[in-house]
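Here is how the chains run, residue by residue.
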Amino acid sequence: MNLNLFVWRQKRTDEKGAMERYEAKDISPEMSFLEMLDMVNEGLIKKGMEPIAFDHDCREGICGMCSQVINGIPHGPKEKTTTCQLHMRNFRDGDTIYIEPFRAKAFPVIKDLIIDRSALDRIIQAGGYISAHTGGVPDANAVLIPKEDAETAMDAAECIGCGACVAACPNGSAMLFTAAKVSHLAVLPQGKIEAARRVCVMTEEMLNEGFGNCGNHYECRAACPKGIEVKFIAKLNREYIKAQIGMK
Amino acid sequence: MILDGKCPSGPLHEKWDRRKQELRLVGPVNKRQYKIIVVGAGLAGASAAATLGELGCNVEAFCYQDSPRRGHSIAAQGGINAAKNYPNDGDSIFRLFYDTLKGGDFRAREANVYRLSMVSNNIIDQCVAQGVPFARDYAGYLDNRSFGGAQVSRTFYARGQTGQQLLLGAYSALMRQVRSGTVTIHPRMEMLDLVIVDGDAKGITVRDLVSGDIKCHAADAVCLCTGGYANVFHLSTNAMGSNVTAAFRAYKKGALFANPCFTQIHPTCIPVSGEHQSKLTLMSESLRNDGRVWVPKNKGDKRLPSEIPEAERDYYLERKYPGFGNLTPRDIASRAAKDVCDEGRGVGPGGYGVYLDFEDAIGRLGENTIRERYGNLFEMYERITGEDAYKRPMRIYPAPHYAMGGLWVDYNLQSNIPGLFVLGEANFSDHGANRLGASALMQGLADGYFIIPYTISDYLARTKPGVVNTGHAEFRRSIEDMNASVKKLLSINGRRTVNEFHRELGRIMWDYVGMSRSEDGLKKALSIIPGLRAEFMEDVKIPGSGMDLNQELEKAGRVADFLEFAELMAQDALHRNESCGGHFRVEHQMPDGEAKRDDENFRYVAAWEFKGINKEPGLHKEPLSFENVKPAVRSYK
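Since the structure is predicted, the reported quantities are computational estimates derived from the model, not experimental observations.

Enquirer: Is there a simple way to explain the overall build of chain A in this structure?
Expert: Looking only at helices and strands, chain A has nine helices and seven strands in total. If you line up chain A on its principal axes, its C-alpha atoms span 60 × 35 × 35 Å. Taken over 248 residues, chain A has a buried fraction of 55%. In chain A, 71% of the contacts between residues at least 6 apart in sequence involve partners at least 24 apart.

Encoded structure:
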């Protein structure tokens, strides 16, 4: 099939960018979205033009590196699917596709579709961990964890840190990202000890990094390629209030 | 030169304790005077950097991704082995050790593998303490599943995302150290060179992938945790950015490269769909617990799988290997798939695929149980192929997946260059000629959490901290050399893209240095590769400049190294005139087609020394001695 692409091109952070038009010809429906872009890039290189820069790595939907807004939706139209796992059979011959970077105040554009997401790392640095030193820990079965709790923790822990939730949020909030880590650890007995401190410092760091707050739009959930539930934001809020009033 | 792995003496189970007693320590006050560079942020790199930071060293951690949470360990699906014996099914440290050694076709060091099995249990404890949400049973205990090459259930797992959860555990420990100021992270940086001063590794040269700046970093020791080189095949299950550059540049600076021909072709990947293919996706081996592998008995049978009656199906793994059935080790399952497809019995477009069928398991356990166990894998399969594997069997085919070979290290994980340590997939040490499933995660974390902290301190204790800085002539020379090589690549301005060369190299490697290798084929590969390399240096086209984010330039540097490394791999495969594990030489097989090892002549590690481009590398041997097990014919029947 043949497609009409409008792609965000921006040389560097401090320069203005613009949408530019490209044609993608003879695209197979079996191709992934990024393989389609690879093909467009091969054509640009042959013409001596600079290829479109975009982040990608594992191409199997787990590393969280790919980060494109496709037709206005982070990671594109298919539910619970990263950009790299989106396949061209989801488009039709003659379609026009708009491709932009994840946009948020806390995610400056580095080049074209590549953004700086180091703010997410700094939220984790603030307290997104259990302070267990290597060695000297009890046997793995010494602390039993109810299956339901382990499953809930896993539901939250599936977050791949891509930032689609931020790009989808009208407030540019990293609430779903932060809530996923807070909830994953707060559900587990090992994580409860530091839960109160963790939720406070992570939330504070999130706001310091320029992310907005949650306005209950739930766009984050709709965009999340791993389907992280917004109930974890409620969990974060509960944990936060508990911490503020000193409840254990 | 005969290499010495420097394994400790004494009984097998006392070796690691003995070594720990022999190793020197650095006092807590002095530790902070030492700076250690860790390159790579997968399981090995993240766990090493976090643990060394915890101990008080100054750690500089580098990765090419935008965050250390994205190393390709994250894509490991199935699980991690440990000898906990929680299911009470007969497992022990010795059995894990034996299975791993046998799985590797007796081409690994006994002492290393035994240590790996010993610390496997500590890893599970550590990960649980960090909050890794492993699967549990209804009583709250940890659950296990079985994996290829073992008759016990010793694999711990977190849905189909075990690698992700383990890596995020190590990443969180690493982030904690960043906060406490012991570790500095350098993302979007690619190592281009190892800097050696007076014989010791004292730093690295990196390119900042955003600004294009080429800079040096000096340290008291360097740890390479840079993963494997399966992307030499172009199409593999590795991430697009996975490369051999860091390891290969260390090799060019004198580090020995061991057993480069030992590569693993994983049996359960989604088949290639066309020329546009950029990578291959693995479906976890754990699927073989419940899926049955088959092809039609008749050649060229084009009927839908549901229309082929039971009597006309060949469950070839169950037929050939009744003892292990669908759970034979990866190399055996891969070759068996290739054999039936070469016979013309393959399925799907192009005929390069076999069925992995869940019909029986769904009938026995119900669709819900299967969904609970493998739901995310079925979803992934559907996204890529557009087919529903609950309704019709998956199609799978082998794909390059893992490198057992890597930089040579001694028992302390130190290369032949003092101060250069190599961890995880980047070293050659524990898996011999074939790795068992769920053992890569185990090795990466064993090296990073529990081995390097002990062994590196012995080196540090013998080294004065901070004697070298980046003002040294060796660092200046390295920067000049790297700037010159980037400039050279950019000046070629030819007609063909980097991908075109990479694809062509991949085809050569897959055809002649892939699943089955012959003397003629290997010689052919060795005769074609130098020509392709020369063509690359004359005709590759890289737009843009070096002083900018330039992904084509990044790729070009990596492919240039693959073009050199491919020759080393073929050389090693040609020299190893036997079949063992993943290295199958058609000249050496049993009457039934199984690999025929030659212990008399090849019971050694082949470690290669760089002698110059277009020059034959030098071979050094490390003989392998087996004092506790008798190398047997590897049978899974």
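Enquirer: Explanation requested: the pairing of strand β2 (residues 58-62) of chain B in the structure shown.
Expert: Looking along a regular strand, one sees side chains alternate from face to face of the sheet. Residues and elements named next belong to chain B. Of all five residues making up β2, five are buried, and the element is well covered by its neighbours. Burial of β2 is two-sided: the residues N58, E60 and F62 facing one way and the residues V59 and A61 facing the other way are all buried. Inspection of the sheet shows strand β1 (residues 35-39) paired to β2 by five bridges, in the parallel sense. Bridge pairing links K35 to N58 in β2. Regarding the hand of the β-α-β motif, the stretch spanning β1, helix α3 (residues 43-54) and β2 is right-handed. Of the strand pairs in this sheet, β2 and strand β5 (residues 183-186) are connected by four bridges, and their pairing is parallel. Within β5, the position partnered with A61 by the bridge is I185.

Enquirer: I keep staring at the environment of Y251 of chain B and nothing clicks. Help me out?
Expert: Residue and element names in this part refer to chain B. Checked against the element boundaries, Y251 lands in helix α7 (residues 245-252). For the pair formed by Y251 and L52, sequence separation is 199 residues and the distance between their alpha carbons is 25 Å. Beyond its immediate stretch of four places on either side in the chain, Y251 contacts F257, L407 and F610.

Enquirer: What exactly am I supposed to notice about the domain arrangement of chain B here?
Expert: Often the size quoted for an interface is simply the accessible area lost on bringing the parts together. All names here are of chain B. For chain B, the assigned domains read domain 1 (266-400) and domain 2 (486-618). Domain 1 puts five residues into the contact, and the matching count from domain 2 is five residues. If one sorts the elements of the side of domain 1 that touches domain 2 by residue count, helix α9 (residues 330-342) sits on top with four residues.

Enquirer: What should I look at first to understand the domain arrangement of chain A in this one?
Expert: Each assigned domain of chain A is listed with its residue range as follows: domain 1 (3-111) and domain 2 (117-134 + 141-244). Taken over C-alpha atoms, the centre of domain 1 of chain A sits 28 Å from the centre of domain 2 of chain A.

Enquirer: Please clarify how helix α14 (residues 498-512) of chain B should be interpreted in this entry.
Expert: Residue pairs three or four apart in sequence face the same way in an α-helix, which turns once every 3.6 residues. Residue and element names in this part refer to chain B. Taking 1.5 Å per residue as the helical rise, α14 with its 15 residues ought to reach 21 Å, and the 21 Å between its terminal C-alpha atoms agrees with that figure. What α14 keeps buried is the set V498, F501, H502, L505, G506, I508, M509 and Y512. Down the axis, α14 shows its buried residues gathered within 160° of arc, on one side only. Each element contacted by the buried residues of α14 is listed here: α15 (519-539) and α16 (551-575).

Quick notes on the rules
- Residues numbered from 1 in each chain as written.
- Chains lettered and ligands numbered in written order.
- Predicted model: local features only at pLDDT ≥ 70, side-chain atom pairs only at ≥ 80, totals over all residues.
- Helix = DSSP H or I, 4+ residues; strand = E, 2+ residues; numbered from the N terminus.
- Buried ≥ 20, exposed ≤ 12 C-beta atoms within 10 Å, placed from the backbone.
- Contact = placed C-beta atoms within 7 Å.
- Pairing = 2+ DSSP bridges.
- Right-handed = clockwise from strand over helix to strand, strands pointing away.
- Domains from an automatic or database assignment.
- Expected span 1.5 Å × (residues − 1).
- Arc of directions from axis to C-beta.

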